[in-house]
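Topology and contacts: notes
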Amino acid sequence: MKVLLVEDEPKVAAFISKGLEECDYQVTIARDGLSAKRVFDTNSFDLLILDVMLPDISGIELCRIIRKSNTEIPLLMLTALDNVDSKVTGLQAGADDYLVKPFHFNELLARMEALLRRARKDTDQLQILAFADLKLNTWDKTAERAGVQISLTAKEYSLLELFMLHPNKTLSREYIAEKVWGIGFDTGTNFIDVYVNYLRKKIEKGFNSKLIFTIINMGYILKEQ
Ligand code: CA
């Protein structure tokens, strides 16, 4: 995990980076807002720690600038005890959490881990398409139904993904041919029907309900009975 730490006080920066490195984080330190922005733009990080009081632009301003181009990265703000207002402004500027100085290292670590967990969960949710008890992982291209793993060929996967992106909608054979095979529909063959049947066998056989239905003269639909 790569962390960008923006902190101008050498002692505080050393205290945080030493602790994090012992926990296997890779820490890059920036001493002011503008160099932080430069480092941020040219590297990739998993988390940002921003001190509010910096020699040039404030941590809050830096947070605002970063959030314009990156809304995802977990961002933890450090504020001084006598600067409680900055907590609210920091959160408004797009920080995910804040910590008041002085703090215990373990508290910093716990807050960071919570933010990273939340970020991971958000990404996981983007990867999974779900319909009824069927799940499709678009990341590793695997499917499961009611917790049972189903192995799919590349075309079966693409076909199922198309259905899962358009649940409860009738998809014509022409549309399926174009989206999955990238070709115009040839009325002389029945390959779409053949593939839909392959897919049905995999996601319906041995399970207690049908999911893909034929709409006569129209096409196919993914729906619950
Ligand atoms: Ca400072």
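The preceding data block contains the structure.
I will try to describe carefully the structure that is included in this document. (Residues numbered from 1 in each chain as written. Predicted model: local features only at pLDDT ≥ 70, side-chain atom pairs only at ≥ 80, totals over all residues. Heavy atoms only, no water.)

**Re the packing of aromatic side chains**
Going through the model one piece at a time under the given rule, you end up with 5 aromatic pairs. Ring centres of Phe15 and Phe103 lie 6.3 Å apart, and the angle between their planes is 45 degrees; this geometry places the pair in the tilted category. Here Phe15, found in helix H1 (residues 10-22), pairs with Phe103, found in the loop between strand S5 (97-101) and helix H5 (105-127); they are 88 residues apart in sequence, far enough to count as distant. Measuring from ring centre to ring centre gives 5.3 Å for Tyr195 and Tyr198, while their planes differ by 80 degrees; the resulting arrangement is edge-to-face. With Tyr195 and Tyr198 both in helix H8 (residues 191-204) and 3 residues apart, this pair spans about one turn of that helix. Members of the aromatic cluster, joined through ring pairs, are Trp181, Phe191, Tyr195 and Tyr198. Its guanidinium or amino end placed over the ring of Phe213, Lys223 lies 5.0 Å from that ring's centre, counting from NZ or CZ. (Phe/Tyr/Trp six-rings, centres within 6.5 Å; stacked < 30°, edge-to-face > 60°. Helix = DSSP H or I, 4+ residues; strand = E, 2+ residues; numbered from the N terminus. Lys NZ or Arg CZ within 6 Å of the ring centre and 35° of its normal.)

**Quick notes on the pattern of salt bridges**
This structure, assessed with the given rule, holds 13 salt bridges. As a salt-bridge pair, Asp41 and Lys37 come within 2.7 Å of each other at their nearest N and O atoms. Of this pair, Asp41 and Lys37 are both found in helix H2 (residues 33-42), 4 residues apart, which corresponds to roughly one turn of the helix. Through salt bridges that share partners, Glu7, Glu9, Asp51 and Lys101 make up one connected network. (Salt bridge = Lys/Arg side-chain N within 4 Å of Asp/Glu carboxyl O.)

**A closer look at the sheet that holds strand S7 (residues 134-137)**
Hydrogen bonding along the main chain pairs the strands of a sheet, whether they run parallel or antiparallel. Taken together, 4 strands build an open sheet; the order of strands is S6-S7-S8-S9 and the sheet is antiparallel. Each edge of the open sheet carries a strand with a single partner, namely strand S6 (128-131) and strand S9 (148-150). Across the sheet, the mean angle from the axis of one strand to that of its neighbour is 25 degrees, orientation sign disregarded. Note that S6 and S7 share 4 bridges and pair antiparallel. (Pairing = 2+ DSSP bridges. Axes fitted to C-alpha atoms, helices over the stretch in contact; angles between N-to-C directions.)

**Remarks on the packing of helix H6 (residues 154-165) against H8**
It is the contact of H6 with H8, at a shortest axis distance of 10 Å, that shows an interaxial angle of 85 degrees. One finds that H6 runs roughly perpendicular with respect to H8. In this structure, H6 uses Lys155, Glu156, Leu159, Leu160 and Phe163 to contact H8, whose residues at the interface are Tyr195, Val196, Tyr198, Leu199, Lys202 and Ile203. Of the residues belonging to the contact of H6 with H8, the class tally is 8 nonpolar, no polar and 3 charged. (Parallel < 35°, antiparallel > 145°, perpendicular 65-115°, else oblique. Contact = heavy atoms within 4.5 Å. Nonpolar A, V, L, I, M, F, W, Y, C, P; charged D, E, K, R; others polar.)

**A few points about the packing of H6 against helix H7 (residues 173-181)**
For the pair H6 and H7, interaxial distance at closest approach is 10 Å and the crossing angle is 125 degrees. In terms of orientation, H6 and H7 fall into the oblique class. Pair H6 / H7 crosses with right-handed handedness. Across the interface between the two elements, Lys155, Ser158, Leu159, Leu162 and Phe163 from H6 touch Tyr175, Ile176, Lys179, Val180 and Trp181 from H7. (Left-handed = near helix turned anticlockwise from the far one by under 90°.)

**Digging into the sheet that holds strand S11 (residues 212-215)**
What the 3 strands build is an open sheet, ordered S10-S12-S11; its pairing is antiparallel. What marks the edges here is a single partner per strand, and that holds for strand S10 (170-171) and S11. When S10 meets strand S12 (residues 219-222), the two strands line up antiparallel, connected through 2 bridges. Counted as the bridge partner of Leu171 is Tyr220 from S12. Sheet contacts for H6: S10, S11 and S12; angle to S12, the most-contacted strand, approximately 70 degrees.

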